[in-house]
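# Report on the structure
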Amino acid sequence: MKRTCYAGQVNEQHVGQEITLKGWVDRRRDLGGLIFIDLRDREGLMQITFNPEDLSDEIMAQAEKLRAEFVIEVTGKIAVKDVANEKIATGKWELKASELTVLAASQTPPFEIKDGVEVSDELRLRYRYLDLRRPEMLANMRMRHAITRNVRSFLDEAGFIDTETPMLAKSTPEGARDYLVPSRVNEGHFYALPQSPQITKQLLMGSGFDRYYQIVKCFRDEDLRGDRQPEFTQIDLETSFLDEEEIQEIVEGLLQNVMKNVKGIDISLPLTRMAYDDAMNFYGSDKPDTRFEMRLSDMTELAHKTDFKVFTEAPVVKAIVAKNLASNYSRKEIDKLTELAKQNGAHGLAWVKLENGELSGSVAKFLTEISDELRLELKLEDNDLVLFVADTLGNANSALGALRLHIAKAHDLIDQSLFNFLWIVDWPLFEWSEEEGRYMSAHHPFTLPTEETVGYLLADGRSEDSDLQKVRAHAYDIVLNGYELGGGSLRINTRELQEQMLTALGFSQEEAEEQFGFLLEAFDFGFPPHGGLAIGLDRFAMLLAGKDNIREVIAFPKNKRAIDPLTEAPSPVTQKQLDELHINTIDTIK
Ligand code: ASP
């Protein structure tokens, strides 16, 4: 090949040799007739020197015209530099150019191609191909590649069969809205882009594949956040005949392998397991960040001993202690915490400080009688700030859980070098949705209830609503540093139980048959017990890259309004296209 190597790969061995490099002009400097170029390609930088004493006027004139982001080919000898540039890996050498070809010119780019540029996200996405030229972005994408490469080889070794499942699919309820695709040949009918291959991978277990995996795009039409995109990627797997622990063991092996090979970090197995109820009670979250403590304490009993109505009338009173931070919190600062508590469901926030051995603050006067017990129970020391939420258990947990995270972030209490993996187990099968006013699946409708609690679903699937919250699931989530990395479960494999489950979720028999008849029927033909899990690849890559938005590890993501500013998708289409699809649009597009 004409190119000898990548610019970033030039080394000792090349000294004295004539080599050819191809890449982008990162920087050009003119110094008393000499022209220096930093040539950049995906592996790094190399200094090219154009010396008028060695080169024709023509080549020098060409070199003078070079600007940032021109694409060039240069040939010349590698020489040792008098003074090495410690900042770059190839800094000991220079390429003394003898030939130069300009392969492509460039306009001045809208932002500099370097790490840490201060550019709006919108502009970065508008010129994503330039953004991806920046070394840190390329490094993120290569980290993602390293993850998928390891996942594939690990699962291959473990006997998993990589199987593609349809993108034009029937909608599977995973709790989000579907993206729909109109069918041209079936007027008025729509495919749904899969929210996940949940049902199809289960069907593969019915086919006897035994172990399936796929690194697969999933689509959910929901409001976007830092860790959500309309299309995202899962490491999706399903197995037959294994129990919960056996599936978790495979996943742990996978995680251990990736952490070792991608980050060089040893994680010790088995991973910690925490019951869902403990996660909620101690951390106020089903995806607790365990890199720091600041646990939630249940103070109900003590609080009910006071005369303070807010405390005595609330079902529960819980507290967190911000250790040694009281002096950082003025009333105004505490007002901000109160606001955050309210945004997370609490009706208010009460607080006390321990300063110079005295309790002070909004509710201190109500606590005099329990002050000693309070100090003992919460192990209070001088300069501690105690935050109380008196509310329902759910509201107290979610508000204090949010405050806990907020305070830890604000005061740098989190050791960023840690990777705390953790299983959350013993899930409820259902969760109450305020929005819908009914119980919904905590995971999805195919999750297997435990033998001990399945009885709360009546034989015909109906149930006293209050009983539904007692049904527990064979479900497990894998959490990393406060993010839900993935989740899975054992699945229902009989028609009878699946029908009961669908009834409990409010499906009529006709609706169940219409939506899931094919699955129910498959259960009639010797369907093995099975279970699996899916890991969010984007989140995994984001966390390993130390970023806080999955956009940083996706080549072409959408912005917050689900638009791709580069291609301007989604966009209007022609009337002809719409006619073929039998679609009338209401004219709202201006
Ligand atoms: N399909 C599920 C999800 O996307 C994962 C699983 O249960 O395997 O969350």
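In this text, all values refer to a predicted model and were calculated from it rather than measured experimentally.

Taken together, Asp243, Glu245, Glu246 and Glu249 make up a surface patch of like negative charges. Position of Glu245 among the secondary structure elements: in helix 6 (residues 244–263).

We now examine the site of the ligand. Close to the ligand lie twelve residues, the nearest being Gln198, Lys201, Gln234, His444 and Arg491. In the environment of the ligand, a nitrogen atom lies 3.0 Å from a nitrogen or oxygen atom belonging to the side chain of Ser196. For the ligand, an oxygen atom lies 2.8 Å from a polar atom in the side chain of Arg491. Protein chains shield 88% of the accessible area of the ligand, which is 270 Å² for the free molecule. Secondary structure elements with two or more residues in the shell around the ligand: helix 5 (198–206), strand 23 (483–490) and strand 24 (530–536). Of the residues contributing to the shell around the ligand, the split by class is two nonpolar, six polar and four charged.

So, about the packing of helix 10 (residues 331–343) against helix 12 (residues 393–410). Two numbers describe how helix 10 lies on helix 12: the axes approach to 8 Å, and their chain directions differ by 135 degrees. On the basis of their axis angle, the class for helix 10 and helix 12 is oblique. As for the relative orientation of helix 10 and helix 12, their crossing is right-handed in sense. Facing Leu337, Leu340 and Ala341 of helix 10, the residues of helix 12 in contact are Ala399, Ala402, Leu403, His406 and Ile407. Considering only residue class, the contact of helix 10 with helix 12 consists of seven nonpolar, one polar and no charged.

What follows is about the packing of aromatic side chains. With the rule as written, the count across this model stands at eleven aromatic pairs. Centre to centre, the rings of Phe308 and Phe366 are 4.1 Å apart; their planes meet at 10 degrees, and the pair counts as stacked. Of the two residues, Phe308 is situated in the loop between helix 8 (300–303) and helix 9 (309–312) and Phe366 in the loop between strand 15 (358–360) and helix 11 (371–377); the sequence distance between them amounts to 58 residues. Classification of Phe308 as buried rests on a relative accessible area of 11%. With a relative accessible area of 31%, Phe366 lands in the partly exposed category. Members of the aromatic cluster, joined through ring pairs, are Phe308, Phe311, Phe366 and Phe388. Taking NZ or CZ as reference, Arg295 lies 4.9 Å from the ring centre of Phe282, over its face.

Turning next to the side chain of Asp289. Mapped onto the secondary structure, Asp289 falls in the loop between helix 7 (276–283) and strand 12 (297–298). According to the relative accessible area criterion, Asp289 is buried, its value standing at 4%. With sequence-adjacent residues up to four places away left out, Asp289 is seen in contact with Tyr283, Arg404, Leu405, Ile414, Asn481 and Gly482.

Strand order across the open sheet formed by five strands is 12-13-16-14-15, with antiparallel pairing between neighbours. Looking at strand neighbours, the two that pair on one side only are strand 12 and strand 15, the edges of this open sheet.

So, about the sheet that holds strand 2 (residues 34–41). With respect to topology, five strands assemble into a closed barrel ordered 1-2-3-5-4, the strand pairing being mixed. Across the sheet, the axes of successive neighbouring strands diverge by a mean angle of 55 degrees, strand direction being ignored. Of the pairings in the sheet, the one linking strand 1 (residues 18–31) to strand 4 (residues 71–80) comprises seven bridges and is antiparallel in character. For Ile19, the partnering residue across the bridge sits in strand 4 and is Gly76. Strands strand 1, strand 2, strand 3 (44–50) and strand 5 (93–104) of the sheet are contacted by helix 1 (residues 57–65), whose axis makes an angle of about 80 degrees with strand 5.

Moving on, we get to helix 6. Helix length check: helix 6, at 20 residues, gives a terminal C-alpha distance of 27 Å against a target of 28 Å (1.5 Å per residue), a fit within 8%. The complete set of buried residues in helix 6 reads Glu244, Ile247, Gln248, Ile250, Val251, Glu252, Gly253, Leu254, Leu255, Val258, Met259 and Val262. Between the side-chain oxygen of the N-cap and the backbone nitrogen of Glu245 there are 3.1 Å, and the N-cap of helix 6 in question is Asp243. Count one or two residues on from helix 6 and you reach Gly264, which has phi positive near 70 degrees.

Rules of the game
- Residues numbered from 1 in each chain as written.
- Predicted model: local features only at pLDDT ≥ 70, side-chain atom pairs only at ≥ 80, totals over all residues.
- Heavy atoms only, no water.
- Patch = residues over 30% accessible without salt bridge, like charges linked within 9 Å, V, L, I, M, F, W, Y side chains within 5 Å.
- Areas by Shrake-Rupley, 256 points an atom, 1.4 Å probe, with all protein chains shown as cover.
- Salt bridge = Lys/Arg side-chain N within 4 Å of Asp/Glu carboxyl O.
- Lys, Arg positive; Asp, Glu negative; His and termini not counted.
- Charge placed at Lys NZ, Arg CZ, Asp CG, Glu CD.
- Helix = DSSP H or I, 4+ residues; strand = E, 2+ residues; numbered from the N terminus.
- Near = heavy atom within 4 Å.
- Polar contact = N/O pair within 3.5 Å; in protein donor to acceptor, adjacent residues only side chain to side chain.
- Nonpolar A, V, L, I, M, F, W, Y, C, P; charged D, E, K, R; others polar.
- Axes fitted to C-alpha atoms, helices over the stretch in contact; angles between N-to-C directions.
- Parallel < 35°, antiparallel > 145°, perpendicular 65-115°, else oblique.
- Left-handed = near helix turned anticlockwise from the far one by under 90°.
- Contact = heavy atoms within 4.5 Å.
- Phe/Tyr/Trp six-rings, centres within 6.5 Å; stacked < 30°, edge-to-face > 60°.
- Buried < 20%, exposed > 50% of the residue type's maximum accessible area, 1.4 Å probe, protein only.
- Lys NZ or Arg CZ within 6 Å of the ring centre and 35° of its normal.
- Pairing = 2+ DSSP bridges.
- Expected span 1.5 Å × (residues − 1).

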